[in-house]
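Analysis of the macromolecular model
Below, each chain spelled out in residue letters.
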Amino acid sequence: MNVVSRLQGADVLRADQFDRGGLDLILDKARGFARSLERGERLDTMGGQILATLFFEPSTRTRLSFEAAMLRLGGQVVSVADPKSSSAVKGETLPDTIRTVDGYADVIVLRHPLVGSAEEAAQATDKPVINAGDGAGQHPTQALLDLYTILQERGEVDGLTVALAGDLKHGRTVHSLAQVLSRYGVKLLLAAPDALRMPPDIANDLRAAGVSLEETENLQEALSSCDVLYMTRVQRERFADPAEYEQLKGAFVLTREMVEGAGREVTVMHPLPRVDEISPEVDALPGAAYFRQAANGVPVRMALLTLITG
Ligand code: NCD
């Protein structure tokens, strides 16, 4: 099967399902859609089709950019944006909800607090299911827009040193991004306090795949040797013990002096929302890419939606 037909009708559940060919195809298509958005073109590629967005955890960027992507493609959207408004609160199981939505929509985007929920949903329907975040598991479409952003900001991905910093244990975006980057010739620096290190199974898979990988507990050290610094929020909602969160939340704070003192041009990324891990005065630096990164969610999700619906 070629790259295009492998994506047709596919679920998007984990970042490691994509090989280099699939990633390059998505990047290429996304670039095309970005150009067409710049030109203000009106598209009808997905005319007559309906996207369902089911969000059982809070979201601003992921849900709105999926919906904007579908609308820009001429399709339509139905949405559960507030879990309290769905029948899940009456005790409906996820497979039953999905089987129902199967009758309403052509593609289903799901965000859910449980790891593995997207796989469970995918088994309940033949329609494509896209994982928009399953607890502390995966967030594959964020990884695609992160990859696209690195390419846009740096001109190439191969050969870069990328530092992933912050809550690497609970942060689903960094789990997915590390896997996507392993398809390119990058060096990975993992910067986290000891309690928030990258889960060993992911780190071991990366090493087994031949990725050059270093771990540090020091943000400054990572900053001084990377091209891209990907900051993340300490994921408060994943802590059973609030005291532990309080103790770790301020572990890494990136300031303007730190970026300016790095002695190299660093691209600063963040999936957002940020709490206080990037000081606002960093925003004005040319390398601060996080709001451009958020905007890239639209063309990248347009690319993905058109590829999986064929
Ligand atoms: C992230 C998420 O939901 O995992 N946000 C996003 O999708 N852009 C990151 C986070 O919540 O910290």
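For every chain, the first residue of its written sequence is number 1, and the numbers climb from 1 along that sequence. Owing to the predicted nature of the model, reporting of local features is limited to residues with pLDDT of at least 70; listing and counting of side-chain atom pairs is limited to 80 or more, with chain, interface and lining totals taken over all residues. To obtain the side-chain values, all non-hydrogen atoms of the structure were used and water was disregarded.

**Overview of the overall build of the protein**
- Strands here mean DSSP runs of E at least two residues long; helices mean DSSP runs of H or I at least four residues long; both are numbered from the N terminus. Tallying secondary structure elements over the protein gives 13 helices and nine strands in all.
- With C-alpha atoms as the basis for the radius of gyration, the globule rule is written as 2.2 Å multiplied by the number of residues raised to the power 0.38. Relative to the globule expectation of 19 Å for 310 residues, the C-alpha radius of gyration of the protein, 19 Å, shows essentially globular dimensions.
- For the protein, the C-alpha atoms occupy an extent of roughly 55 × 45 × 40 Å along the three principal directions.
- Counting every position in the protein, which comprises 310 residues, the buried fraction comes to 54%.
- Taking as baseline every contact in the protein between residues at least 6 positions apart, the subset at least 24 positions apart corresponds to 73%.
- For the accessible areas, the method is Shrake-Rupley and the probe is 1.4 Å, while residue cover comes only from the protein chains on display. Carbon and sulfur atoms provide 48% of the accessible area of the protein, an area that totals close to 13,300 Å².
- All tallies of charge rest on Lys and Arg as positive and Asp and Glu as negative; His and the ends of each chain are not included. Throughout, a charge is located at the NZ atom of Lys, the CZ atom of Arg, the CG atom of Asp or the CD atom of Glu. Of the side chains in the protein, 32 bear a positive and 43 a negative charge, and the two mean positions are spaced by 4 Å. Throughout, exposure labels follow a simple rule: accessible area from a 1.4 Å probe, protein chains only, divided by the maximum for the residue type, with under 20% read as buried, over 50% as exposed, and the rest as partly exposed. Whether two residues touch is decided by their heavy atoms; if any such pair falls within 4.5 Å, the residues are in contact.

**Observations regarding the pattern of salt bridges**
- Salt bridges are counted wherever a side-chain nitrogen of Lys or Arg sits within 4 Å of a carboxyl oxygen of Asp or Glu. Across all of its chains, the model carries 22 salt bridges by this definition.
- Between Arg-39 and Glu-41 there is a salt bridge whose closest N-O contact spans 2.6 Å.
- Overall, Arg-39 belongs to the exposed group, its relative accessible area being 56%.
- Given the relative accessible area of 37%, Glu-41 is considered partly exposed.
- The partner of Arg-256 in a salt bridge is Glu-260, and the shortest N-O contact between them spans 3.1 Å. In this pair, Arg-256 and Glu-260 both sit in helix H11 (residues 256–260), four residues apart, roughly one turn of the helix.
- Sharing partners across several salt bridges, the network here consists of Asp-194, Arg-197, Arg-207 and Glu-215.

**A look at the sheet that holds strand E4 (residues 129–134)**
- Only strands joined by at least two bridges in the DSSP assignment are considered to pair. Strand order in this open sheet of four strands is E2-E1-E3-E4, and the pairing throughout is parallel. Here the strands that pair on one side only, and so sit at the sheet edges, are strand E2 (76–80) and E4. Strand-to-strand twist of the sheet, defined as the mean angle between neighbouring strand axes without regard to direction, takes the value 15 degrees.
- Judged from the four bridges that link them, strand E3 (residues 107–112) and E4 form a sheet pairing that is parallel. When the sheet's bridge partners are listed, His-112 is paired in E4 with Asp-134.
- Sheet strands touched by helix H3 (residues 61–72): strand E1 (50–55), E2, E3 and E4. Its angle to E1, the strand with the most contacts, is close to 175 degrees. Between the N-to-C directions of two axes lies an angle of 0 to 180 degrees, each axis being a line fitted to C-alpha atoms and, for a helix, fitted only over the stretch in contact.

**Concerning the pairing of E4**
- Of all six residues in E4, six are buried, a share of seventy percent or more.
- On the question of chirality, the crossover connecting E3 to the parallel E4 by way of helix H5 (residues 117–123) is right-handed. By convention, a crossover is right-handed whenever its connection, traced from the first strand over the helix to the second and viewed with the strands pointing away, goes clockwise.

**Details of the site of the ligand**
- Neighbouring the ligand are the residues Thr-62, Arg-111, His-139, Gln-142, Arg-172, Thr-173, Arg-233, Gln-235, Pro-271, Leu-272 and Pro-273.
- What qualifies as a polar contact is a pair of N or O atoms within 3.5 Å, subject to a donor-acceptor requirement within protein and to the restriction that residues adjacent in sequence count only when both atoms come from side chains. Contact between the ligand and Thr-62: an oxygen atom at 2.9 Å from a side-chain N or O atom of the residue.
- Separating an oxygen atom of the ligand from a side-chain N or O atom of Arg-111 is a distance of 3.1 Å.
- Contact with the protein chains covers 93% of the free accessible surface of the ligand, which is 310 Å².
- Partitioning the shell around the ligand into residue classes produces three nonpolar, five polar and three charged. Each residue is tested against the molecule or strand, and it is near if at least one of its non-hydrogen atoms lies within 4 Å. Classification convention: Asp, Glu, Lys, Arg as charged; Ala, Val, Leu, Ile, Met, Phe, Trp, Tyr, Cys, Pro as nonpolar; all other residues, Gly among them, as polar.

**Things to note about the domain arrangement of the protein**
- Per the annotation, domain bounds derive from an automatic or database assignment of domains. Domain parsing of the protein yields domain 1 (3–138 + 297–309) and domain 2 (140–294).
- Taking only C-alpha atoms, the centre of domain 1 and the centre of domain 2 are 24 Å apart.
- Values labelled buried area give the accessible surface lost by two parts on being combined, using a 1.4 Å probe and summing over both. Between domain 1 and domain 2, the buried area comes to about 2,500 Å², and carbon and sulfur atoms account for 58% of it.
- A per-residue breakdown of the area domain 1 buries against domain 2 is headed by Arg-20, Leu-27 and Arg-61, which together make up 24% of the total.
- Remark: the boundary between domain 1 and domain 2 carries three salt bridges.
- For the salt bridge of Arg-238 with Glu-57, the shortest nitrogen-to-oxygen distance reads 2.9 Å.
- Counting the contacts that link domain 1 with domain 2 gives 16 residue pairs in polar contact (both at pLDDT 80 or more).
- Those elements that provide at least two residues to the side of domain 1 that touches domain 2 are helix H2 (20–38), H3, E4 and helix H13 (297–308).

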